[in-house]
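Structural overview for review
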Amino acid sequence: MLAVIKTGGKQYIVQKGDKIKIEKLPLKEKAKVSFEAVLLISDEKGKKVEVGDPILKQVKVEGKVLKQGRSKKVIIIKQIPKKRHKLKKGHRQPFSEVEITKVATKE
């Protein structure tokens, strides 16, 4: 069963067993997480599709936090031409790696 969830301002297509990297969640490793904002649910072949308006209230996606981490460093260079000004910064975005354990309806 496929589902489209919304978390951290982004949308992800998930199914049971998927491992996704999402915006950092304030949870410890091996904690359970539940995604209530499910936008779409479908079977594997796409024959039966339900679309929310904007979310499906009867569907819930559950997962488990595998690890908390930070991505690779991204270098930012800001330069103002003709002023001899150059600024160099680095940034590492924190993330949570989540394994999807269950996609089911709340009945």
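Figured I'd write up the structure that's included with this text.

The rules we used
Residues numbered from 1 in each chain as written. Predicted model: local features only at pLDDT ≥ 70, side-chain atom pairs only at ≥ 80, totals over all residues. Heavy atoms only, no water. Core = buried A, V, L, I, M, F, W, Y, C linked by side-chain atoms within 4.5 Å. Buried < 20%, exposed > 50% of the residue type's maximum accessible area, 1.4 Å probe, protein only. Helix = DSSP H or I, 4+ residues; strand = E, 2+ residues; numbered from the N terminus. Contact = heavy atoms within 4.5 Å. Salt bridge = Lys/Arg side-chain N within 4 Å of Asp/Glu carboxyl O. Pairing = 2+ DSSP bridges. Axes fitted to C-alpha atoms, helices over the stretch in contact; angles between N-to-C directions. Polar contact = N/O pair within 3.5 Å; in protein donor to acceptor, adjacent residues only side chain to side chain.

Turning to the nonpolar core, a few remarks are in order. Within the largest apolar cluster, 18 residues are counted, with the highest numbers of intra-cluster contacts made by Ile5, Val14, Ile20, Phe35, Val61, Val98 and Ile100. Elements with a minimum of two residues in this core: β1 (2–7), β2 (10–14), β3 (19–23), β4 (32–35), β5 (38–42), β7 (59–70) and β10 (94–105). Excluding residues within four positions of it along the chain, isoleucine 20 makes contact with Ile5, Tyr12, Val14, Ser96, Glu97, Val98 and Ile100.

Here the focus is the pattern of salt bridges. Evaluation of the coordinates by the stated rule reveals two salt bridges. Here glutamate 23 ties to lysine 10 by a salt bridge, and the two come within 2.6 Å at their closest N and O atoms. A residue pair is termed long-range when its members are at least 10 positions apart, and glutamate 23 in strand β3 and lysine 10 in strand β2 qualify at 13 residues. When its relative accessible area of 25% is taken as the criterion, glutamate 23 is described as partly exposed. Assessed through its relative accessible area of 37%, lysine 10 is described here as partly exposed. One salt bridge connects lysine 60 with glutamate 62, and the closest N-O pair in it is separated by 3.5 Å.

Looking now at the sheet that holds β3. In spatial order, the strands read β3-β10-β7-β4; together these four strands make up an open sheet with antiparallel pairing. Because the sheet does not close on itself, it has two edges, and the strands there are β3 and β4. In this sheet, adjacent strand axes meet at a mean angle of 45° when their direction is disregarded. Strand direction decides the pairing type here: β3 and β10, joined by five bridges, are antiparallel. Bridging across to β10, glutamate 23 finds its partner in phenylalanine 95.

Here the focus is the environment of glutamate 36. When you line up the elements, glutamate 36 lands in the loop between β4 and β5. Exposure remark for glutamate 36: the relative accessible area of 39% places this residue in the partly exposed category. Once the C-alpha coordinates of glutamate 36 and lysine 57 are considered, the two residues, 21 residues apart in sequence, prove to be 7.5 Å apart. Discounting chain neighbours no more than four positions away, the residues touching glutamate 36 are Ile55, Leu56, Val59, Lys60 and Lys106. Within the structure, glutamate 36 has its side chain in polar contact with the side chain of serine 34 (distance 3.0 Å).

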